[in-house]
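This is what each chain is made of:
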Amino acid sequence: MSTSETVAACPSCGQPTESGDAFCEACGTELAPALVSTGAPDFTPACPVCSVDPSVPQPVAVTPDGYCENCGRKVPTGRDHVELDLGLLAGVTDRGSRHSRNEDAMALATAETPSGSAAIAVVSDGVSSSPRPDEASLAGTQAGIRVLLDGVRSGDDLAETSLDAVRVAAADLVALAGPGGAPSATYVSAIVTAEAVTVCWLGDSRAYWLAAGDSQRLTTDDSLAQEMVSSGLLDEAAAMTVPQAHVITRWLGADIPEPEAHVLTFTPPGPGAVLLCTDGLWNYLPEAGGLAERAMPAALTDPLGVAGELVKFALEAGGMDNITVVLVPFPLRSQIHE
Amino acid sequence: MSESGFTVDIDQNQYLPEGGRTVDAVVTVTSADSDTALPVSDTPAAEIIIVDCSGSMDVPQTKMASARSAVAAAIDVLHDGTAFAVVAGTSQSWPVYPSNGTMAIASDATRAEAKRAASSLRATGGTAIGQWLRQACAIFETYPAQLRHAILLTDGKNQHETAEQLAAAIHRCEGLFSCDCRGVGTDWEVAELRKVSTALLGTVDIIPDPAGLAADFTAMMENAMGKQVADVSLRVWTPQSAVIQFVKQVAPEVVDLTGRRTQTGPQAGDYPTGAWAPGESRDYHVCVMVNPAGVGQEMLAARVSLVASSASGSEVLGQGLVRAVWTDNAELSTKLNARVAHYTGQAEMAGLIQDGLEARKQGDEETATAKLGRAVALASKSGNEDTAKLLAKVVDVMDAATGTVRLKKAVADADEMALDTRSTKTVRVRKEQA
């Protein structure tokens, strides 16, 4: 399909728009809004059992808190399985097989700037031991993607913008805290431009560089396991078998009002893909090389398909946790050649 | 604190092993400190003081005199505008003030008249507590109050009617008024009076020495005058095919509400909690059996709402969710919630004391020693010092931790009855910080 000769129309008012515009000149609609894994807007929750049981009077109500009014079962939300595709990047998030809800969240965005296209992603994993972790991860990604998108559009320093986004996301999670405790979440973001990848993170959600030859993990976990590895106590495989391995040492949440995030700028040596994921994936395949074997080279041309494949792999391996996978092929696929 | 002035907090371990069915939760209900935050009953409170005037109240003579002073002390505490009456009871019952069987409205003048009438109370005749309760019922029904409360004083066993007659009278009063019961001396029956106080959502206690009556009546009436919200219920919704094992108040004392359910919908029932004062906090233990779902599934095992009922309908004051999540992570599913475990122990302790004392009365020393010993161990482990002290007056404690005890040879009746009446008192534990 070629759309290179036609000028894109505003989805709201139909007026033609210019490449690089963030908003429609005619009606002000945001032309390339961020996508967040809140679930499909037309999703209607229904009990998977009682809504198809002929012996139960229909319709069966779902309580405001998301339970079946008849059998009490937690009704699937629109967040259980979400696929987002913006062309330049794509992501899939899934509840997994063992958790009752999806506490992971992701947000994707693209921006056209004078210096070229940019792909932006945020992935977050709600901390299960905190209250309302699903709200925490969603609030973190929503706040993060907004700041990142503004920063990229304004041509700000990308490392600074990434740290800003964490500060704003952290403040939003502080506001979520109440007498019941502090909802908390991990955070990893990536801004991929024509030249470089800017990664920023807190906790144990990861970013990888996947390529034919020299794949590598870009992030270092804020976790007890990583601390044991860093201090030379244990090697990575041994550290992950320690019961407290997954306990994270930094996160977004009111109990750390101003978390110190890590930021890193990586210049890809050649073609490859940036992978952001939660531990629901990397628990089953921690090594960059192993991930690259499964993802490459298909991720260069089909990020959505490969993200789906990686989620499927984690589900088949046990699906013990929520799984989120985002892939950004590099160099950015120019929309003109789509 | 929510807008209604009440909060409902749930404390539980929501994780169940594969196939697990039993869901336990501690529900903490707290009313706002400031009385302005609470909804106010639109009619004033009504109080009836019921006094035993049986012949034994004259043995010793100070008993009747102390009862008269105690009634006067309680009348002095009545707030202006409160509807009230004084009832006398023997094998029959009659209104002492107002003498026409209605209620008076408290003022300086009526308080003085009532005290004068009470000063003429004389001891003569038998004991039929059911008659007294029916008399109170008839008087309460002459006045449209929402907060209805009675104080009942007796010194003897219910000898002049059958247990069935008393039970029927109690049933007649259920839901109409609450009743705090006091036994003076040691010739009355704890189990008998506890039937009245439990059904009528009140307390029962012993006043061994008549000299203590006035202070106790003053305290009871002050407590009653503090109540502000009447007829509050716990409404428990459960999923289709779930079964409620029990609903108990567990703090400040154990009251089993399971049998008090009123069905309010196909999957919901109300359990009465009585009246609430500002700044009160009580804990309830709810246990539900559910149909297990698969590992990774979540279910709402119960929705516990606090509901205030009045003539104009019912209002939900607060609500909490009891959840069930099935997991194959044994570390999660085997963890006992500290407060559920604590209150399970406190309820068991109350039962052991009552059963142990009964066995002791029957001369079954072996059972009595075993039960009271186990109660000593539970009291010690949970830090319930008041109950531990009361137990130590009935048994010699060799080792509290293991519950090794010996029955005391001589036990004062008053000590045994104090242990019995206060066996249901619990100590609270705070919610663990998440």
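Residues numbered from 1 in each chain as written. Chains lettered and ligands numbered in written order. Predicted model: local features only at pLDDT ≥ 70, side-chain atom pairs only at ≥ 80, totals over all residues.

1. Quick look at the overall build of chain A
Using the following cut-off: Under the scheme used here, helices are H or I runs from DSSP no shorter than 4 residues and strands are E runs no shorter than 2 residues, and both carry numbers assigned from the N terminus. This radius of gyration counts C-alpha atoms alone. The globule rule is 2.2 Å times how many residues there are, raised to the power 0.38. Neighbour density around each residue's C-beta defines its exposure: 20 or more other C-beta atoms within 10 Å make it buried, 12 or fewer make it exposed, and counts between make it partly exposed, where C-beta atoms are placed from the backbone. Note that contacts rest on C-beta atoms placed from the backbone: two residues are in contact if these are within 7 Å.
When you go through chain A residue by residue, the secondary structure sums to 7 helices and 12 strands. Radius of gyration (C-alpha) of chain A: 20 Å, near the 20 Å computed for a compact globule of 338 residues. Each principal axis of the C-alpha distribution contributes one length, and for chain A these read about 60 × 55 × 40 Å. Each of the 338 residues in chain A was classed as buried or not, and the buried ones make up 46%. If you take every contact in chain A between residues at least 6 apart in sequence, the share linking residues at least 24 apart comes to 64%.

2. Things to note about the interface of chain B and chain A
Quite often, the size of an interface is put as the accessible area lost when its parts meet. In plain terms, the rule: Side-chain classes follow a simple rule in which Ala, Val, Leu, Ile, Met, Phe, Trp, Tyr, Cys and Pro form the nonpolar group, Asp, Glu, Lys and Arg form the charged group, and the remainder, Gly included, forms the polar group.
Contact residues are listed per partner, giving 13 residues for chain B and 14 residues for chain A. Mapped onto the side of chain B that touches chain A, the elements with two or more residues apiece are β17 (298-310) and β18 (313-326) of chain B. In terms of residue count, β17(B) provides more of the side of chain B that touches chain A than any other element does, 4 residues in total. Considering only residue class, the side of chain B that touches chain A consists of 9 nonpolar, 3 polar and 1 charged.

3. Quick look at the confidence of the model for chain A
To keep things clear, this is the line we draw: The predictor rates its confidence in each residue with pLDDT, a number between 0 and 100.
For chain A, per-residue confidence averages 89 on the pLDDT scale, and residues scoring 70 or more make up 95% of the total. When the criterion is pLDDT under 50, residues 1-6 of chain A qualifies, and its contacts beyond four places in sequence or with other chains add up to 1 contact.

4. Description of the sheet that holds strand β2 (residues 15-16) of chain B
All names here are of chain B. Test applied: The pairing criterion for strands is at least two bridges between them, as found by DSSP.
Read from one edge to the other, the open sheet built from 6 strands follows the order β2-β18-β17-β11-β15-β14, with strand pairing classed as mixed. Looking at the sheet topology across the chains shown, the edges are occupied by β2 and β14 (262-265). Pairing of strand β11 (residues 229-237) with β17, which is carried by 6 bridges, proceeds in the antiparallel orientation. In the sheet register, Trp237 faces β17, and the bridge partner there is Arg303.

5. Looking at the pairing of β14(B)
All names here are of chain B. In the sheet, β14 pairs with strand β15 (residues 268-276) via 3 bridges, with the strands oriented antiparallel. Across the sheet, the residue bridging to Thr262 is Asp270, located in β15. Between β14 and β15, which follow one another and run antiparallel, lie 2 residues.

6. Some remarks on the confidence of the model for chain B
If pLDDT is low for a region, its predicted coordinates should not be looked at in detail. For chain B, mean pLDDT is 93; residues scoring 70 or higher make up 96% of the total. With a pTM of 0.76, the predicted complex shows an ipTM of 0.72.

7. Topic: unusual backbone geometry
Cis geometry marks the peptide bond from Phe330(A) to Pro331(A); its omega dihedral reads 0°. Tracing the sequence through the fold places Pro331(A) in the segment after β12 (323-330). At the junction of Tyr97(B) and Pro98(B), the peptide bond is cis and its omega measures out at -15° in the coordinates. Tracing the chain through its elements places Pro98(B) in the loop between β6 (93-97) and β7 (104-105). Of note in the backbone geometry, Arg132(A) takes a positive phi value of approximately 45° without being a glycine. Checked against the element boundaries, Arg132(A) lands in the loop between β5 (116-125) and α1 (133-153). A count of 19 C-beta atoms within 10 Å places Arg132(A) in the partly exposed class. For Asp231(B), which is not glycine, the phi dihedral falls at a positive 50°. Looking at Asp231(B), the number of C-beta atoms within 10 Å reads 21, which means it is buried.

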